[in-house]
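Letter by letter, the chains look like this.
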Amino acid sequence: MIRAARLSCVLFVLAALLPWAAPDAHAGMPIAQFVRISLDQMTPDVVTNASPDNVIVLGTLTNFGDRDVSDLEVRLQRGPALTSSDDIRSTLVADNNTYDTIGRFHKVVSVLHPGQQASFALSMPVRSTTTTSGPTLGIHRPGVYPLLVNVNGKPAYGGVARLDDSRTLLPVLSLPQSQATASGTGRSGSAAQPDGGAQPDGAAQSGTIEKAVTTSPARLTMLWPLADNPKLAGGVPGGGDPPVRLVDDALAASLAPGGRLYGLLDAYDSATRGNDPAAQALRTATCVAIDPDLLVTVQAMTGGYLVSRDPGDAHSPATPGRGSAAATAWLARLRAVAARSCTVALPFGQVDLDALDATGNAALLRAALTAPADVIDSVLGVASQRGIAVPASGMLLAPGAAALRSTGVPAAVIAATAVSAPNKASPRGASGSGTDTQGTGSDAQGDGIVGLGRGLAAATFDPNITAALGAMGEYPAGSEDHVRPGDTGTDRVATRFPLGEESAMSRRLAAVGALMQPALDPTQRIAPPGGWAATVDPDPIGTVIDGRSELVAPPQVWAASPDDARAVLTAASTLLTAGLAVPRPFAEVAGAAQSEAATPTRPVRAPRRPPGTAPPTMPAWIVASAAGYAADLDQFGRSLVAEPKGGLTPGRYISPLREDALRALRFAPHRAAVDGDARIRLAAARGSLTAQLGSVTIVAPGGSYTLASQKAPILLVARNDLPLPITTTIRWSAPDGVSINSSEVEELPPRGTRQIELPTKVNFSRMIAVDLSLQTTAGQDLGQPIRVTVHSNAYGRALFIITIGAGALLVLLSGRRLWRRFRGRPDPADVDRPPADEHDRLMANSYAAHTSPRRAPADRPTEEP
């Protein structure tokens, strides 16, 4: 009995400690045990009236454990149709029991050994008809339905258990035409009357709706992002000298056929090219959102580049890059696409607007928010959409809003949950309009525009659709290094799940279903004749009114594969072609937000952090380091002078260095990797700035100076190794009694030297040491200070008095002697002098002594006296 009590205590403790013992938000989604299921294909992936009667699911089971698993079997289950935005993600983590429309188990394999795989195929009719028998999916109206494939098996040394499942979404635009009921009681959605009801599972055939509602199409706008993690190595100034360096060569593969960025551009180009109605509608509804950091990187790659072996050192060994040809072709194609499409510039380098505002640096704000449009326009030769920002975080808190206001940007694109609740809520559908009854951000006018006050407004997107799109791509390793599917920052933590537990195909199908849900939502809210007792819970994001807006904003660095990109564009085109959505140009969305900012017509909503999310906070040390570096860079730039012959300007030279600070401030849902990158980038940028300041210096003289007089100048030679002229001043330090005039501003030529004269005044005669250093006109130290040894020959005060006295005495004595001579009175000093001898007389008349007697010419007659 004591042993039993002990065993009970142990089991109780284990139940309290093990993570699976306590229910959580992901309790319904099992972690694979021994066997993992991968969904490979679903046919059809979107059900229409032309689809076959059955939905066929193909997949693979893999034994990744250490033991045999026997009696493996799978079955298909369906959950209730999505009736709210939150259902898009919450159904994928819901309890298995919510998928209550259940098919039969189908045996896959008797025994699956470790490391082995087995394929399976499941087929299930969409609904019951006069020609079907057995279980069906029981779908009687268009909508988006969650599907689950359940895997049961018996691991060795254990019993039968649910080992894994795979979940995805199935959009149904209309019921297959061949499955029309024999009695003809099916209804068309366009003829039904909305009353806010919803059909419970197992509803009678009288509630069947064959086609989706098209009388209330969603106004679809989709941003198509082209962005990448920062690739330019830190600390490399502009102007082409030194050559461009990249931290790695992942872009070479991404821009080439089969790569991520190639696939995104290729899918968009193929889907929107031409003049057919489908391509025109999709082109109108989409806008290419381009990160200027990616654009300047690709443009730099076209001229040749290096790949640094040490990203933290701008002068480390490097190897030639191999992506120049791919970059040239990709950029040319982007120019062609941009010429016929809407374009909008993203904030530079996915910068975090809150951190950006915290730096307090006006130049950084301009580089991040206003300059990007200029970059897009100049590189692509287009006129991009201006006056609206698309924060990478999907939210706009008070500091970020202040950053937009300070740069004159009146509008932003943010998550619908990132604004506060309205003051009043009215029932959905009242007076033909819908309102946010949960207080999480939808607008009463249904166009997705909300006023934020003080000259700022926002266009809102559904964060659940963004989360579904962000989950697309290969996992764990994406199609590009450090680009992988994951959280977006605006998705609720309770709806997240390990993406590795679902195949890329199941996540792609879920994203397509998420994209289509708002357009199919009205069909789910139409009641059959007589009505239903059940009602739909209020949707905190969507609205069911005429002219409702659907703004789709994928993550900026999107891990979607080429197949994923094509699937998303095909889904959007299908909605437009089927009349479930109409294109709404992004220019119209931006204009509506700008108009609301200028002339408010709606209740003001306060920006906030979306409830239930856990977006990261940028470490304070990164912000402080970036702010200090940017301030020093600004001081350095103010001392540079444009070079008229070479065309290089200070702005062009230091712009890449300033952009390094923006790259260090980029937003990411997970900080671990980007914080390390920020540390390396800021260290490289700071080291480069220090090296450039050190390249302007005074050349140390070989010996000492000797001043010829009290006011003789000191001659110096200053060298400038920068490619631009720079204005400098000289700072000096010397003993008392030395005065140096260094007030003149000296402009040093690029990559040259200049001799500088420093007027110097020394009041004593001895050897002295003078410390000299260069500074920018902004007060930054340049180069290394030098110490000059100066030997001064200047007179001191005592010597000066003695010299003056001696001179005065000499003049006095000389004057006295001359005075006596003029008076004919010999000087007493000459009294004892001996008389002059013949030699003295000859010396006194040396001219006569040394001159020959003068002779008369021979032919000249002598004159008589």
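Quick note: structure is the one above.
Residues numbered from 1 in each chain as written. Predicted model: local features only at pLDDT ≥ 70, side-chain atom pairs only at ≥ 80, totals over all residues. Heavy atoms only, no water.

> For this particular structure, what's the right way to read the state of the cysteines?
A covalent bond between the sulfur atoms of two cysteines is what we call a disulfide. Per the counting criterion, the structure on display carries one disulfide. The disulfide partner of Cys 287 is Cys 342, and the S-S distance across this bridge is 2.0 Å. Taking the sign of the torsion about the S-S bond as the criterion, the disulfide between Cys 287 and Cys 342, at about -65°, is left-handed. Note that Cys 287 is positioned in strand S11 (residues 286-290) and Cys 342 in strand S14 (residues 342-345), a separation of 55 residues in sequence. Of the residues examined, Cys 342 reaches a relative accessible area of 22% and is grouped as partly exposed. (Disulfide = S-S within 2.5 Å. Helix = DSSP H or I, 4+ residues; strand = E, 2+ residues; numbered from the N terminus. Buried < 20%, exposed > 50% of the residue type's maximum accessible area, 1.4 Å probe, protein only.)

> Any chance you could explain the layout of surface pockets here in plain terms?
Unoccupied space between atoms shows up once a probe the size of one water molecule is rolled over them. Approximately 670 Å³ is the volume found for the second largest pocket. Around the second largest pocket sit 30 residues that line it, and Gly 238, Val 296, Ser 655, Pro 656 and Glu 659 are the ones nearest its centre. Of all the elements in the fold, those that place two or more residues in the lining of the second largest pocket are helix H6 (292-301), helix H10 (371-380) and helix H17 (650-664). For the lining of the second largest pocket, the element with the highest residue contribution is H17, accounting for seven residues. Class assignment for the residues of the lining of the second largest pocket results in 16 nonpolar, seven polar and seven charged. (1 Å grid on protein atoms, 1.4 Å probe; cavity = no way out; pocket = protein on both sides within 12 Å on 5 of 7 lines; lining within 4 Å. Points joined across faces, edges and corners; volume = space filled by probe spheres on them. Nonpolar A, V, L, I, M, F, W, Y, C, P; charged D, E, K, R; others polar.)

> Sorry, what's going on with the sheet that holds strand S21 (residues 696-698) here?
What holds strands together in a sheet is hydrogen bonding between their backbones, with the strands either parallel or antiparallel. With respect to topology, three strands assemble into an open sheet ordered S21-S23-S27, the strand pairing being antiparallel. Looking at the sheet topology across the chains shown, the edges are occupied by S21 and strand S27 (752-758). Averaged over all pairs of adjacent strands, the angle between their axes in this sheet comes to 25°, without regard to strand direction. Two elements, S21 and strand S23 (residues 714-720), share three bridges in a ladder whose sense is antiparallel. (Pairing = 2+ DSSP bridges. Axes fitted to C-alpha atoms, helices over the stretch in contact; angles between N-to-C directions.)

> I keep staring at the sheet that holds strand S2 (residues 54-63) and nothing clicks. Help me out?
As summarised here, the arrangement of the three strands in space is S1-S2-S6, forming an open sheet in which the pairing is antiparallel. Edge positions in the open sheet fall to strand S1 (35-43) and strand S6 (117-125), since each of these has one partner strand only. Neighbour-to-neighbour, the strand axes of this sheet turn through a mean angle of 25°, independent of strand direction.

> I'm lost on the nonpolar core in this one. Help?
As a rule of thumb, soluble globular proteins bury nonpolar side chains together. Counting 90 residues, the largest nonpolar core has Leu 356, Leu 396, Leu 404, Phe 636 and Leu 772 as its most contacted members. Setting aside chain neighbours within four positions, we find Leu 404 in contact with Leu 353, Leu 369, Ala 389, Leu 396, Val 409, Ala 411, Ala 412 and Leu 456. One finds Leu 173, Leu 246, Val 337 and Trp 558 within the second-largest nonpolar core, a separate group that totals 78 residues. (Core = buried A, V, L, I, M, F, W, Y, C linked by side-chain atoms within 4.5 Å. Contact = heavy atoms within 4.5 Å.)

> How should I be thinking about the pairing of strand S9 (residues 218-226) in this particular structure?
Put simply, side chains in a regular strand alternate between the two faces of the sheet. A large share of S9 lies buried, amounting to eight of its nine residues. Both S9 and strand S20 (residues 581-583) contribute to a ladder of three bridges, which runs parallel. Within the sheet, the bridge partner assigned to Arg 219 lies in S20 and is Val 582. Judged from the four bridges that link them, S9 and strand S19 (residues 549-552) form a sheet pairing that is parallel. If you follow Thr 221 over to S19, its bridge partner there is Leu 551.

> Looking at this structure, how should I read the packing of aromatic side chains?
Think of a pair of aromatic rings as described by two things: how far the centres are apart, and how the planes are tilted against each other in angle. A full pass over the atoms with the stated rule returns two aromatic pairs. Ring plane angle 80° and centroid distance 5.2 Å describe the contact between Trp 224 and Trp 558, whose orientation is recorded as edge-to-face. Here Trp 558 lies in the loop between S19 and helix H14 (562-577) and Trp 224 lies in strand S9, a separation of 334 residues in the sequence. Residue classification places Trp 224 among the buried positions, given a relative accessible area of 1%. (Phe/Tyr/Trp six-rings, centres within 6.5 Å; stacked < 30°, edge-to-face > 60°.)

> What exactly am I supposed to notice about a nonpolar patch on the surface here?
Together, Leu 809, Leu 812 and Leu 813 make up an exposed nonpolar region whose accessible area comes to about 310 Å². Positionally, Leu 813 belongs in helix H19 (residues 797-822). Leu 813 sits in the partly exposed class, given a relative accessible area of 48%. (Patch = residues over 30% accessible without salt bridge, like charges linked within 9 Å, V, L, I, M, F, W, Y side chains within 5 Å. Areas by Shrake-Rupley, 256 points an atom, 1.4 Å probe, with all protein chains shown as cover. Salt bridge = Lys/Arg side-chain N within 4 Å of Asp/Glu carboxyl O.)

> How should I be thinking about H10 in this particular structure?
At 3.6 residues per turn, the α-helix brings residues three or four places apart onto the same side. Counted residue by residue, H10 has seven buried out of 10 residues, so it is predominantly covered. All of the buried residues along H10 are Pro 372, Ala 373, Val 375, Ile 376, Asp 377, Val 379 and Leu 380. Looking at the buried side of H10, the elements it contacts are S11, H6, helix H7 (324-340), S14 and helix H9 (362-369). Directly beyond the C-terminal end of H10, a positive phi value near 70° is found at Gly 381.

> So what exactly am I meant to see when it comes to the packing of H6 against H10 here?
Helix packing geometry: the angle between the two helix axes and the distance between the axes. Orientation of H6 relative to H10, taken along the N-to-C sense of each, is 35°, at an axis distance of 9 Å. Crossing hand, H6 versus H10: left-handed. Contact residues: Pro 292, Leu 295, Val 296 and Gln 299 in H6; Pro 372, Val 375, Ile 376, Val 379 and Leu 380 in H10. In terms of residue class, the contact of H6 with H10 is made up of eight nonpolar, one polar and no charged. (Left-handed = near helix turned anticlockwise from the far one by under 90°.)

> I keep staring at the side chain of Thr 359 and nothing clicks. Help me out?
Mapped onto the fold, Thr 359 is located in helix H8 (residues 353-359). Within the structure, the side chain of Thr 359 is placed 2.6 Å from the backbone oxygen of Leu 356, a separation counted as a polar contact. Once residues lying within four places of it in the same chain are set aside, the contact partners of Thr 359 are Leu 364, Val 623, Ala 627 and Leu 665. (Polar contact = N/O pair within 3.5 Å; in protein donor to acceptor, adjacent residues only side chain to side chain.)

> Help me out: how do you make sense of H14 in this one?
The end-to-end C-alpha distance of H14, which contains 16 residues, comes to 22 Å, matching closely the 22 Å that a straight helix rising 1.5 Å per residue would cover. Within H14, the full set of buried residues consists of Pro 562, Asp 564, Ala 565, Ala 567, Val 568, Leu 569, Ala 571, Ala 572, Ser 573, Leu 575 and Leu 576. Among the structural elements, S9, helix H4 (260-272), helix H5 (277-285), helix H12 (463-470), helix H13 (504-524) and S20 are those in contact with the buried residues of H14. (Expected span 1.5 Å × (residues − 1).)

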